[in-house]
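What follows is each chain in one-letter form.
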Amino acid sequence: MATPATTFSPGPAVRRLWPSDQPAILDYFLRLDPETRANRFLGGVGEAGVRAYAERVVAAEGLAFGAFVDGALRGLGELRPAGPHASAFSLGAQAEAAFAVERAYRRRGLGTALFARIARAARNRGVGSLHVRCLARNRPMIRLAAKLGAELRTGAFEAEGDVSLAQPTPFSLWYETIAEAYDFTLAVVRPPLRTDEAA
């Protein structure tokens, strides 16, 4: 049975990731095929580098979100401050977004759902401009970013752009608080399945 979505509506189950998700995060990064891994890290990264990075995903400044299919982590997105920020509750005026979905689970709306969750969290933490960067050959990411409002600039090797976010409202802040509490409950009560369990 799939984990309920934090948006309380049908579609991909996307929630914030917590320290209890660490084993699933490592499994996810190690499963990425070479092209997806290169697209995610903007270049080649070996297994040792992937393991080191996976250990910092939840602990690093900002937030991480997971997209789940049948209880297993199949997509992962990150929201990181782009400069100094005031507190744990504010990421500053600018932030950066990055995410990837396993090849076999694309075209199911996971990337769109991850980006929407990242943008909502950024908006509610004071971010007005969300920066996106990817390899110029990463056409799916470029199409998705453009679809979601990013003004992309494409160079020889990389493409980058920014999504302008609306200011938070009392309702959006309240909803974010409820969603995060729900996310934390799911992480504790129903931890992600190992991929051999989800198969």
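These lines cover the structure that appears in this document, whether it is placed above or below. Here the residue numbering is sequential within each chain, running from 1 through the sequence in written order. Only residues with pLDDT of at least 70 get local features here, since the model is predicted, and only at 80 or more are side-chain atom pairs given and counted; chain-wide, interface and lining totals rely on the full set of residues. Just so you know, side-chain values use all the structure's heavy atoms and leave hydrogens and water out.

## A short note on the packing of aromatic side chains
Here comes step 1: Centres within 6.5 Å make a pair out of two Phe, Tyr or Trp rings, where for Trp the six-membered ring is used; the pair is then stacked when the planes are under 30 degrees apart, edge-to-face when over 60, and tilted otherwise. Summed over the entire model, instances satisfying the criterion amount to six aromatic pairs.
Here comes step 2: Aromatic side chains phenylalanine 41 and tyrosine 53 sit 5.0 Å apart centroid to centroid with 85° between the ring planes, which places their arrangement in the edge-to-face category. One end of the pair, phenylalanine 41, is in helix α2 (residues 34-41); the other, tyrosine 53, is in helix α3 (residues 47-56), and 12 residues separate them in sequence.
Here comes step 3: The class of phenylalanine 41 is buried, set by a relative accessible area of 19%.
Here comes step 4: What makes tyrosine 53 partly exposed here is its relative accessible area of 22%.
Here comes step 5: Taken together, the ring pairs connect Tyr28, Phe29, Phe41 and Tyr53 into an aromatic cluster.
Here comes step 6: Whether a charge lies above a ring is judged from NZ of Lys or CZ of Arg, which has to be within 6 Å of the ring centre and within 35 degrees of the ring normal. We note arginine 16 situated over the ring of tryptophan 18; from NZ or CZ to the ring centre the distance is 4.3 Å. Here a helix means four or more residues in a row that DSSP labels H or I, a strand means two or more in a row labelled E, and each is numbered from the N terminus. Three labels apply to residues, based on accessible area from a 1.4 Å probe with only protein chains included: buried if under 20% of the type maximum, exposed if over 50%, partly exposed otherwise in between.

## Quick notes on the environment of arginine 139
Here comes step 1: Tracing the chain through its elements places arginine 139 in helix α5 (residues 139-147).
Here comes step 2: With 20 residues separating them along the chain, arginine 139 and alanine 159 place their C-alpha atoms 9.8 Å apart.

## Topic: the pattern of salt bridges
Here comes step 1: Criterion for a salt bridge: a side-chain nitrogen of Lys or Arg within 4 Å of a carboxyl oxygen of Asp or Glu. For the structure on display, the rule yields 13 salt bridges.
Here comes step 2: Residue arginine 15 pairs with aspartate 21 through a salt bridge whose shortest N-O separation is 2.8 Å. For the pair arginine 15 and aspartate 21, a shared accessibility class is recorded, and that class is buried.
Here comes step 3: The partner of arginine 125 in a salt bridge is glutamate 176, and the shortest N-O contact between them spans 3.1 Å. Taken together, the residues arginine 125 in the loop between α4 (110-123) and β5 (129-135) and glutamate 176 in helix α6 (residues 170-189) connect sequence positions 51 residues apart. Grouping residues by exposure puts arginine 125 and glutamate 176 together as buried.
Here comes step 4: The structure contains a network of salt bridges with shared partners spanning Arg117, Arg120, Arg125 and Glu176.

## Topic: the packing of helix α1 (residues 22-31) against α3
Two quantities define a packed helix pair, namely the angle between the helix axes and the distance between the axes.
Here comes step 1: Running from N to C, α1 and α3 point in directions that differ by 150°, and their axes come no closer than 9 Å. In terms of orientation, α1 and α3 fall into the roughly antiparallel class. Note that α1 runs across α3; the crossing there is right-handed. Here Gln22, Ile25, Leu26, Phe29 and Leu30 of α1 lie close against α3, whose contacting residues are Glu47, Val50, Arg51, Tyr53, Ala54 and Glu55.
Here comes step 2: Residues were grouped as follows: Ala, Val, Leu, Ile, Met, Phe, Trp, Tyr, Cys and Pro as nonpolar; Asp, Glu, Lys and Arg as charged; and all remaining residues, including Gly, as polar. Looking at the contact of α1 with α3, its residues break down into seven nonpolar, one polar and three charged. Fitted lines through C-alpha atoms give the axes, limited to the stretch in contact for helices. The angle between two N-to-C directions lies from 0 to 180 degrees. Oblique is the label for every angle not falling under 35 degrees (roughly parallel), over 145 degrees (roughly antiparallel), or within 65 to 115 degrees (roughly perpendicular). When the near helix sits turned anticlockwise from the far one by under a right angle, the crossing is termed left-handed; a clockwise turn instead gives a right-handed crossing. For this analysis, residues touch if any pair of their heavy atoms sits within 4.5 Å.

## Describing the environment of aspartate 183
Here comes step 1: Relative to the elements of secondary structure, aspartate 183 occurs in helix α6.
Here comes step 2: Separated by 167 residues in the primary sequence, aspartate 183 and arginine 16 have C-alpha atoms spaced 5.8 Å apart.

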